[in-house]
Amino acid sequence: MFNVLKGTHDVILDEARQYSYVEELLTKVASLYNYKEFRTPIIESSDLFLRSVGEGSDIVRKEMYTFYDKGDRLITLRPEMTAGTIRSMVNNKLFANQDFPIKAFYVGPNFRYERPQQGRYRQFNQFGIECCGVNSPYRDAEVISLGYNALKMLGFSNLKLKINYLGDEESRSKYRDALRDYFGNKIDEMCDDCKERFNKNVLRILDCKVPHDIEIVKDAPRIRDYLSENSKKYFSSILEFLDRIGVEYELDDNLVRGLDYYTGVVFEYHYVSNLGKNYGALGGGGHYSNLINEIGGPNLEGVGLAFGIERLVSVMQDDNLFDDLKSNLDVYIMPLGEKVLESANSLANFLRLNGFSTDICLENKNMSQMFKKAERRNASFAVIIGEDELNNDCIILKNLHTKEQIQVNNEDLLDKLDELFDEEEHHHHEEN
């Protein structure tokens, strides 16, 4: 027997339905904001990620799946989807012939060689958006609000947005110097990752998770004390916009996010369950000034966010946010005997073509066994066809919730089903 590789998992049956539900809702929200779908390759040139994600990031240093292909090209399985999406915009000359901003959303698998833990896998699915070509606090705030609203629609209630501002190049340059001064005589007692970050991207030390180092970080200089007047004004415009639309947030001086390309605003969505369990970050994103140019495009800016689907599904399962999501079947067809099989099959085909999810019992089962099969499939209605019904051009329609059954002429079946489903929907809304 073959097992799945460590850090990967099968998503099947009800869980697959939960994944689809989350992905469909997120893509629907993106469409409400007029984002368009991008589907880019899973494999890209390794240079793309070295240039974009940054050599100082943990992803590039430790986590990428990189190999030489048969043409001796260095290839990487994508560890994130922003770089490929921007590359696609550049390759397809969208920056030359489109109104700005260019708004993209994407869903798909990514690969990182990291320690598997709850909701985190080596192959994982990500949903994200990129808003490219403009530098505006209102676009930054719109992206933040899209993620916040999408999580609300998925059922997350106790959300907290953590937000920080990394400033313009001038502000960051001064801040980096201040951090190097502060950590300079402490770095020897810090972890190996911090030592490497000190030389490659000192801001990333603020993201260290080692308890001893966290204590040292607590007294580090804060970026807000180094922001230029322009940066302060830009950040306050974002916060005012979020206040106006009712997005609650908390300023977090140590939030830098794990990718080297972020500049300006960075943010994460944190969640505490109804039972008080703190799940930490569900997703996040930020603004980037140089990424489009780094990937070969013009000198334009952008902002984006991403959610891990596994993470969202795992937390929603824990917090019972899928309780109303049942895998329902509209109609289960129950043929009584060989002679009616052909007619029952035709009816199943007809109902499917008219938008009703339909299954049929093609095995030789008695009535009680067929009702059990219908129940296991959460069917709303059973259609029973025997020889009498076949001869009289009708069927027996049984409501499996109320147990009522009626005889319906074949030509009236669609209208009757529409009517009964409308009644069910109306009754469901009244109950809620």
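No experiment lies behind these values; they were computed from the predicted model shown.

Rules and cut-offs
Residues numbered from 1 in each chain as written. Predicted model: local features only at pLDDT ≥ 70, side-chain atom pairs only at ≥ 80, totals over all residues. Heavy atoms only, no water. Helix = DSSP H or I, 4+ residues; strand = E, 2+ residues; numbered from the N terminus. Buried < 20%, exposed > 50% of the residue type's maximum accessible area, 1.4 Å probe, protein only. Lys, Arg positive; Asp, Glu negative; His and termini not counted. Salt bridge = Lys/Arg side-chain N within 4 Å of Asp/Glu carboxyl O. Polar contact = N/O pair within 3.5 Å; in protein donor to acceptor, adjacent residues only side chain to side chain. Pairing = 2+ DSSP bridges. Axes fitted to C-alpha atoms, helices over the stretch in contact; angles between N-to-C directions. Contact = heavy atoms within 4.5 Å. Patch = residues over 30% accessible without salt bridge, like charges linked within 9 Å, V, L, I, M, F, W, Y side chains within 5 Å. Areas by Shrake-Rupley, 256 points an atom, 1.4 Å probe, with all protein chains shown as cover. Parallel < 35°, antiparallel > 145°, perpendicular 65-115°, else oblique. Left-handed = near helix turned anticlockwise from the far one by under 90°. Nonpolar A, V, L, I, M, F, W, Y, C, P; charged D, E, K, R; others polar. Core = buried A, V, L, I, M, F, W, Y, C linked by side-chain atoms within 4.5 Å. Phe/Tyr/Trp six-rings, centres within 6.5 Å; stacked < 30°, edge-to-face > 60°. Lys NZ or Arg CZ within 6 Å of the ring centre and 35° of its normal.

Chemist: Can you help me understand the side chain of Glu 80 in this one?
Modeler: Take Glu 80: it is sitting in the loop between strand 4 (74–77) and helix 4 (82–91). Although Glu 80 is buried, it forms no salt bridge, and the closest oppositely charged side chain is Arg 112 at an N-O distance of 6.0 Å. A distance of 3.3 Å separates the side chain of Glu 80 from the backbone nitrogen of Thr 82, its partner in a polar contact. In terms of polar contacts, Glu 80 uses its side chain to reach the side chain of Tyr 261, at 2.8 Å.

Chemist: Explain the sheet that holds strand 4 here, please?
Modeler: Adjacent strands of a sheet form backbone hydrogen bonds with each other and so pair up, either parallel or antiparallel. Taking strand neighbours across the sheet as the criterion, the three strands line up as 2-4-3 in an open arrangement whose pairing is antiparallel. Edge positions in the sheet fall to strand 2 (43–45) and strand 3 (65–68), since each of these pairs with one other strand and no more. Between one strand axis and the next, the sheet turns by 35° as a mean value, whatever way the strands run. Of the pairings in the sheet, the one linking strand 2 to strand 4 comprises three bridges and is antiparallel in character. Each residue of the ladder has a partner; that of Ile 43, found in strand 4, is Leu 77.

Chemist: Before we go on, may I ask you to explain helix 4 in this structure?
Modeler: Three or four residues apart is the spacing at which side chains of an α-helix point the same way, because the helix has 3.6 residues per turn. Within helix 4, nine of the 10 residues are buried, which leaves the element mostly enclosed by the surrounding structure. Those residues of helix 4 that fall on the buried side of the exposure criterion are Thr 82, Ala 83, Gly 84, Thr 85, Ile 86, Arg 87, Ser 88, Met 89 and Val 90. Lys 93 sits one or two residues past helix 4 and shows a positive phi near 55°.

Chemist: Is there a simple way to explain the sheet that holds strand 13 (residues 358–360) in this structure?
Modeler: Spatially, five strands are ordered 13-12-14-15-16 in an open sheet, and the strand pairing comes out mixed. At either margin of the open sheet sits one strand with a lone partner, and together these are strand 13 and strand 16 (405–409). Along the sheet, successive strands turn relative to each other by an average axial angle of 25°, direction set aside. As paired strands, strand 12 (residues 329–335) and strand 14 (residues 379–385) are joined by six bridges and run parallel to one another. Bridge pairing links Met 334 to Ile 384 in strand 14. The sheet strands contacting helix 14 (residues 367–376) are strand 12, strand 14 and strand 15 (394–399), and the helix crosses strand 12 at an angle near 165°.

Chemist: Where do I start with a nonpolar patch on the surface in this structure?
Modeler: A cluster of nonpolar side chains, contributed by Ile 42, Ile 43 and Phe 67, occupies part of the molecular surface with about 240 Å² of accessible area. Along the polypeptide, Ile 43 turns up in strand 2.

Chemist: Whenever I open this one, the environment of Asp 393 confuses me. Can you help?
Modeler: Structurally, the position occupied by Asp 393 is in the loop between helix 15 (387–391) and strand 15. Placed 176 residues apart in sequence, Asp 393 and Val 217 show a C-alpha to C-alpha distance of 79 Å.

Chemist: Is there a simple way to think about the packing of helix 6 (residues 137–153) against helix 10 (residues 229–244) in this case?
Modeler: Two packed helices can be described by the angle between their axes and the distance between those axes. With their axes 9 Å apart at the nearest point, helix 6 and helix 10 run at an angle of 45° to one another. Between helix 6 and helix 10, the interaxial angle falls into the category oblique. Crossing angle aside, the handedness with which helix 6 passes helix 10 is right-handed. On helix 10, the residues that touch Pro 137, Tyr 138, Asp 140, Ala 141, Glu 142 and Ile 144 of helix 6 are Tyr 234, Ser 237, Ile 238, Phe 241 and Leu 242. Partitioning the contact of helix 6 with helix 10 into residue classes produces eight nonpolar, one polar and two charged.

Chemist: Which parts of the structure should I look at to understand the nonpolar core?
Modeler: Soluble globular proteins: nonpolar side chains tend toward being buried together. Among the nonpolar cores identified, the biggest contains 92 residues, and Phe 156 and Phe 183 are the most heavily contacted of them. With seven residues, the top contributor of residues to this core is helix 6. Not counting residues within four places of it along the chain, the set of residues in contact with Phe 156 comprises Leu 151, Tyr 271, Leu 282, Leu 312, Val 315, Met 316 and Leu 321. Ranked by size, the runner-up nonpolar core spans 19 residues in total, among them Phe 381, Ile 385, Ile 395 and Leu 413.

Chemist: Can you walk me through the packing of aromatic side chains in this structure?
Modeler: To describe a pair of aromatic rings, you give the distance between the ring centres and the angle between the ring planes. Within this structure, the stated rule accounts for 17 aromatic pairs. Considering the side-chain rings of Phe 156 and Tyr 271, the 4.8 Å spacing of their centres and the 80° angle between planes classify their relative orientation as edge-to-face. You can see Phe 156 sitting in the loop between helix 6 and strand 7 (159–165) and its partner Tyr 271 sitting in strand 9 (residues 263–272), a full 115 residues away along the chain. Of the residues examined, Tyr 271 reaches a relative accessible area of 1% and is grouped as buried. Taken together, the aromatic side chains of Phe 156, Tyr 271 and Tyr 279 make up a single cluster linked through ring pairs. The ring of Tyr 113 is capped by Arg 122, whose NZ or CZ atom sits 3.9 Å from the centre of that ring.

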